[in-house]
Amino acid sequence: IDYYKFTLLMFLNTLTPKFYVALTGTSSLISGLILIFEWWYFRKYGTSFIEQVSVSHLRPLLGGVDSTTPSNSNTSNGEADSNRQSVSECKVWRNPLNLFRGAEYNRYTWVTGREPLTYYDMNLSAQDHQTFFTCDSDHLRPADAIMQKAWRERNPQARISAAHEALELEDCATAYILLAEEEATTIMEAERLFKQALKAGEGCYRRSQQLQHHGTQYEAQHRRDTNVLVYIKRRLAMCSRKLGRTREAVKMMRDLMKEFPLLSMFNIHENLLESLLELQNYADVQAVLAKYDDISLPKSATICYTAALLKARAVSDKFSPEAASRRGLSTAEMNAVEAIHRAVEFNPHVPKYLLEMKSLILPPEHILKRGDSEAIAYAFFHLQHWKRVEGALNLLHCTWEGTFRMIPYPLEKGHLFYPYPICTETADRELLPMFHEVSVYPKKELPFFILFTAGLCSFTAMLALLTHQFPELMGVFAKAFLSTLFAPLNFIMEKVESILPSSLWHQLTRI
């Protein structure tokens, strides 16, 4: 043992400062090259090369299976969706399941003292009402002229007073709509007013339908009367749904979609999907999805997450992450995971609300596709449907975060959809109340290996510089460091030498 100690000390004493400079300089160069390669790979593919190699090649050798990484078999859908990027990224849409102001939003204000709607959201609703419920010829009918001014009023009481004034002149469908939306304090009262609006609206629709080809003015009147009639029937169906008459609501929605198939701007199919899920009529839900989950149509959280729920329903009751990690994912489980990843890529804010990691608020009257406002609107109505499917939320919890490993980084490119728009946070802050903390797109953190190689490169470069400037002092430090490093080994060897007989130790050293 003394011979080996003497040899080690002789070797250390013969090392010159130039050797330490060369050693640290080479280490710094190698770690710098690794850092540059890792950073380039991360910028291009959104993941660490070392981490990917470890997970893809080393982990299977050690007996593990990555259960959250689906295959990339649906890239053709992503290419088709990316061609639709010309659509405005931050277009605000009317919430198809928006609540009633008088019966729901105002009740929340009475109880909590908080305003659930922002001025921006209500201003968008006022613009919608003027677009759908008015036309240039309203001045020819006194009641319609009053309602045209009422829709522009900012004061709710002034709007309600104007609606009553219009009803004193004649049965005005839009006046009943305003009272049902804003004055009615219960859903039953709102339904009663909408039924009166339906009676008045059908009469106006039949008259304008006969005259629509007599000129541009009559055509505009007919378009307005059509919008009014569709709105009334849709809200009546929503009243039935809220009052527990779900089958009746489904029938009304189906009839409305058959009668006016071209009015897709109201997104009535999303109301229908929610009602069918309440009835647990999953076959009809699948049929609606097959019709509307199409590349040429605008996607929504309702479409994507309902499709994921149906596929999760087939496997979620028996899904176990431990079993899946041992045997791998079956075909059905893989399809469910891919559907969840597709939904999360479209709107990454929904899972936190479904998993109750973030508190819900009342949904706004307008939503931003792929934004926090859409996530709130979806989870507010669909959380109960996910809870009803056994194991669905557990499957979502185990797999949703794996989506972000597949999305290229930075976000100039998408995977299955066009890239996530960067303007959603600003628009959502305008749509959602101040007391709500707006959810933002999860930021991609730098992989550990990039941080490690950066630290290693910096440390070895500093050692090389110090060794070059202070060679003798760094040599002393190096010898002291190595002596300290080998001290435990020397201590163990001395203990072993003292315990074992000298003859046995001599024989071992010879071997």
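Residues numbered from 1 in each chain as written. Predicted model: local features only at pLDDT ≥ 70, side-chain atom pairs only at ≥ 80, totals over all residues. Heavy atoms only, no water.

### Observations regarding the packing of helix α10 (residues 187-211) against helix α11 (residues 216-242)
Here comes step 1: Relative to each other, α10 and α11 sit at 155°, their axes nearing to 8 Å. Comparing the axis directions of α10 and α11 gives the class roughly antiparallel. As α10 packs across α11, the resulting crossing turns out to be left-handed. (Axes fitted to C-alpha atoms, helices over the stretch in contact; angles between N-to-C directions. Helix = DSSP H or I, 4+ residues; strand = E, 2+ residues; numbered from the N terminus. Parallel < 35°, antiparallel > 145°, perpendicular 65-115°, else oblique. Left-handed = near helix turned anticlockwise from the far one by under 90°.)

### Some words on helix α13 (residues 268-278)
Here comes step 1: Within α13, 10 of the 11 residues are buried, which leaves it mostly tucked inside the rest of the structure.
Here comes step 2: Within α13, the full set of buried residues consists of Ile-268, His-269, Glu-270, Asn-271, Leu-272, Leu-273, Glu-274, Ser-275, Leu-276 and Leu-277.
Here comes step 3: Elements that come into contact with the buried residues of α13 comprise α11, α12 (246-259), α14 (282-292), α15 (301-313) and α19 (372-388).
Here comes step 4: In the stretch just after α13, Gln-280 is the one whose phi turns positive, near 60°. (Buried < 20%, exposed > 50% of the residue type's maximum accessible area, 1.4 Å probe, protein only. Contact = heavy atoms within 4.5 Å.)

### Let's talk about α19
Here comes step 1: The terminal C-alpha atoms of α19 lie 24 Å apart, and with 17 residues this matches the ideal 24 Å at 1.5 Å per residue to within 8%.
Here comes step 2: The sharpest bend along α19 reaches about 55° and sits at His-382.
Here comes step 3: In terms of burial, α19 is largely enclosed, as 13 of its 17 residues are buried. (Expected span 1.5 Å × (residues − 1). Bend = angle between axes of the 7 residues up to and from the residue.)

### Quick word on unusual backbone geometry
Here comes step 1: In this model, Gln-280 sits at a positive phi of 60°, which is unusual for a non-glycine residue.
Here comes step 2: Here Gln-280 lies in the loop between α13 and α14.
Here comes step 3: Gln-280 sits in the partly exposed class, given a relative accessible area of 44%.
Here comes step 4: Positioned with a positive phi, Glu-356 is a non-glycine residue whose angle comes to about 55°.
Here comes step 5: Among the secondary structure elements, Glu-356 is positioned in the loop between α18 (350-354) and β2 (366-368).

### Topic: the environment of Leu-35
Here comes step 1: Residue placement: Leu-35 occurs in helix α2 (residues 17-45).
Here comes step 2: Taking the C-alpha atoms as reference points, Leu-35 and Cys-457, separated by 422 residues in sequence, lie 7.7 Å from one another.

### Concerning a nonpolar patch on the surface
Here comes step 1: On the surface, a nonpolar cluster with roughly 600 Å² of combined accessible area is contributed by Phe-459, Met-462, Leu-466, Phe-470, Leu-473 and Phe-477.
Here comes step 2: Those elements giving two or more residues to the nonpolar patch turn out to be α22 (448-469) and α23 (471-499).
Here comes step 3: Top element by residues in the nonpolar patch is α22. It accounts for 3 residues.
Here comes step 4: Its location among the elements puts Phe-470 in the loop between α22 and α23.
Here comes step 5: Judged by relative accessible area, Phe-470 falls into the partly exposed class, the value being 47%. (Patch = residues over 30% accessible without salt bridge, like charges linked within 9 Å, V, L, I, M, F, W, Y side chains within 5 Å. Areas by Shrake-Rupley, 256 points an atom, 1.4 Å probe, with all protein chains shown as cover. Salt bridge = Lys/Arg side-chain N within 4 Å of Asp/Glu carboxyl O.)

### Digging into the pattern of salt bridges
Here comes step 1: A complete count under the given rule lists 20 salt bridges for this structure.
Here comes step 2: With a shortest N-O distance of 2.8 Å, Glu-248 and Arg-245 are connected by a salt bridge.
Here comes step 3: Here Glu-248 falls in the partly exposed class, since its relative accessible area comes to 37%.
Here comes step 4: Asp-255 is paired through a salt bridge with Lys-251; the nearest N and O atoms lie 3.0 Å apart. Of this pair, Asp-255 and Lys-251 are both found in helix α12, 4 residues apart, which corresponds to roughly one turn of the helix.
Here comes step 5: With a relative accessible area of 36%, Asp-255 lands in the partly exposed category.
Here comes step 6: The network of salt bridges with common partners includes Arg-101, Arg-159, Glu-182 and Glu-365.

In short, the description is geometric, and any link to function would need to be established separately.
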